Each structure stands twice: as C-alpha cells, then as structure tokens.
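What follows is each chain in one-letter form.
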Amino acid sequence: MSKLIQHALHLNNLRKLVGWSMLEAAIKNKLHLEMTSDPPSGKVLVLAPHPDDDIFGCGGALAKHVDQGDEIQIIYLCDGRSGTKRATTEIVREELKKTRRTEAAAAAEILGIPADDLSFWGYRDGNLIANKTTTKALTQMIADFMPRTIYLPHPSDNHPDHEATASVLAKTLLAIGTDLPSEIWSYEVWQPTFANRLLDISATMTQKETAISAHASQLKCRPYADAIMGLNTYRGGMMGLPGPAEAYLVLKPALYVKLWEMLRGISG
C-alpha cells in the first residue's frame, strides 16, 4: 500500500471520529502518521489514571526517557482500589490501594524512575472529576515543573477515569492558556485509537514487560501483559517495524483542547 493511500485512510479514521472540521485541522497541522525511535528530550510529566496505566500506555517511552537522562514526574490520579472483582469490602479495597501503590513504585523502579518522582493523588476509582481542586493542583504542578512532554490516556480511551484524566488536563490548559510550550502525547490502553506517532520500543521492550509484571494484582484479573504487548506488536508489525511500537496522538495544547471539546460534544 502506498504512503499516500495509508495517509488518506489514516485521516479518514479521524474524520469519522470527530468530523470534517477536525480533519481540516489535522491536514493543516500535518497530523500524518510518523515513526520515531526516540521521544523528545526534556522534562516529562505523566498523568496515569491508575497505578499501572503509565507502564501499560507509555512504559517503553519512559524507559527511553530515563536512558536520555530526562527528568520524569508521574501522577497517579486514582488509587486503584477497585482494580479486582474481589474488592467487595472496604477493608479489601484499602489493602488493594496499598498494594497498587507498592506495585507502581516497583514498576517505576524497574524503568529507573525513583519513588520520589511519583505522586499519588488518591482519588477513589470512579470519583475523579475535573473541578477547581484537580485543575488547581495540576496547574501548580505544570507551573513548577514546566514539562516538555505530557503523557496521558487518549481522550477517546474507553474508561471513565481515563476520560476524566483527559478532562482534568484540558480544563487546566484552558485555565493557564493553550500557548503552553509543551507537547501532549496521548497513549492508548483499552483499544487502538487515532495516532500520528509510532515509537519503536524494541530496545526497551524487555524493561516494559518486566515493569508490567510488577503489577501482579492486576495480572490476576486480566491478561494485561499479553494484551498490551500484543497491542504494541500489532502497532509495530502493521507498519513494518522490526519490533513492537507504542502509538500516540501528539498534539500542541490548543489542538488537544479542541479535540477534547469535540469529543465531549459527541459523547453528550
């Protein structure tokens, strides 16, 4: 298949998702699919709805950032207390919350990210909302840290806490101004989403797999390791890469907010 046809089909997927006006913006901003071996250098802020989404969505990229010597801060917005079907009592939920925090720290350490660079906001699963409290906290974090790259779930990723995380960032950007000199890298967890960047993670695949294995409580619930690495293998294989790849939608803040507004309108 020619690159021109691939490009046309790729943009048509975006048109189906958010309509013609967003397609026009995509063409204007050259949102065609590109492949890269390295993420941008500079400070990194990761927004993870739960204590595993960072590894699942962008673990390969984070390992590369560590290799590049980039400073990384990770925020876990929800506490993960509802992460198993067995979490039916408050006592079990409290134990699971502690377990998942320990697992997140262990997974981050495998990638080379120290525990001091992790923040746990502690919202109960399902209770995260974009309000004055959350946007103020994120505004302060961005102002103090000034990240070059912000990772978070794709705004169309099919999970309420993932959607809420996208809303927290979007409302924060609206509050502080969309001229922020950062790039938004939206990762995928629950399904393949529209992407314009593929990051080859062949060199960090083993680290990512090992970090995923640190989330033992979650691997008992679903075959996350097989699913995530399968998704990465699919992404790399379909584009002819020699190994797995992580897919991202990379946008400047202004276009990210526009996409978020359109998706919110579509969902009602």
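Each remark here, short or long, concerns the structure printed above.
Since the model is a prediction, treat every value here as computed from it, not as a measurement.

Colleague: I tried to follow the packing of helix α3 (residues 53–68) against helix α7 (residues 205–213) on my own but got confused; where do I start?
Modeller: Two packed helices can be described by the angle between their axes and the distance between those axes. The interhelical angle for the contact between α3 and α7, taken along N-to-C directions, is 140°, at an axis separation of 9 Å. Compared by their axis directions, α3 and α7 come out oblique. As α3 runs across α7, the sense of the crossing is right-handed. On the side of α3, the interface is formed by I55, F56, G57, G59, G60 and A63, while α7 contributes Q207, K208, A211 and I212.

Colleague: Is there a simple way to explain the packing of aromatic side chains in this structure?
Modeller: Within the structure shown, the criterion is met by 6 aromatic pairs. Judged by centre distance (4.9 Å) and plane angle (20°), the rings of Y76 and F120 are stacked. With Y76 in strand β3 (residues 72–78) and F120 in strand β4 (residues 118–123), this pair connects stretches of sequence that are 44 residues apart. By relative accessible area, Y76 is classed as buried at 0%. Accessibility expressed as a relative area gives 25% for F120, which makes it partly exposed.

Colleague: How should I be thinking about the side chain of S186 in this particular structure?
Modeller: Among the secondary structure elements, S186 is positioned in strand β6 (residues 183–187). Beyond its immediate chain neighbours, meaning those up to four positions away, S186 contacts L152, P153, H154, P155, A247, Y248, L249 and Y256.

Colleague: Help me understand the nonpolar core, please; the structure alone is not making it clear to me.
Modeller: Where a protein is soluble and globular, its nonpolar side chains tend to be buried together. The biggest cluster of nonpolar side chains holds 32 residues, and the ones touching the most others in it are V46, C58, L62, I74, I113, Y151 and Y248. Counting 30 residues, the second largest nonpolar core, distinct from the first, contains L45, A164, A170 and L255.

Colleague: So what exactly am I meant to see when it comes to the sheet that holds β4 here?
Modeller: The strands that make up a sheet pair up through hydrogen bonds in the backbone, lying either parallel or antiparallel. Ordered by their spatial adjacency, 8 strands build an open sheet running β1-β7-β8-β6-β5-β2-β3-β4, and the pairing between neighbours is mixed. Sheet topology places β1 (34–36) and β4 at the edges, where each strand pairs with a single neighbour. In this sheet, adjacent strand axes meet at a mean angle of 25° when their direction is disregarded. Inspection of the sheet shows β6 paired to strand β8 (residues 245–251) by 4 bridges, in the antiparallel sense. Among the inter-strand pairings, Y187 is bridged to a residue of β8, identified as Y248.

What counts and how
- Residues numbered from 1 in each chain as written.
- Predicted model: local features only at pLDDT ≥ 70, side-chain atom pairs only at ≥ 80, totals over all residues.
- Heavy atoms only, no water.
- Axes fitted to C-alpha atoms, helices over the stretch in contact; angles between N-to-C directions.
- Helix = DSSP H or I, 4+ residues; strand = E, 2+ residues; numbered from the N terminus.
- Parallel < 35°, antiparallel > 145°, perpendicular 65-115°, else oblique.
- Left-handed = near helix turned anticlockwise from the far one by under 90°.
- Contact = heavy atoms within 4.5 Å.
- Phe/Tyr/Trp six-rings, centres within 6.5 Å; stacked < 30°, edge-to-face > 60°.
- Buried < 20%, exposed > 50% of the residue type's maximum accessible area, 1.4 Å probe, protein only.
- Core = buried A, V, L, I, M, F, W, Y, C linked by side-chain atoms within 4.5 Å.
- Pairing = 2+ DSSP bridges.

Function cannot be inferred from these measures alone, as they are strictly geometric.
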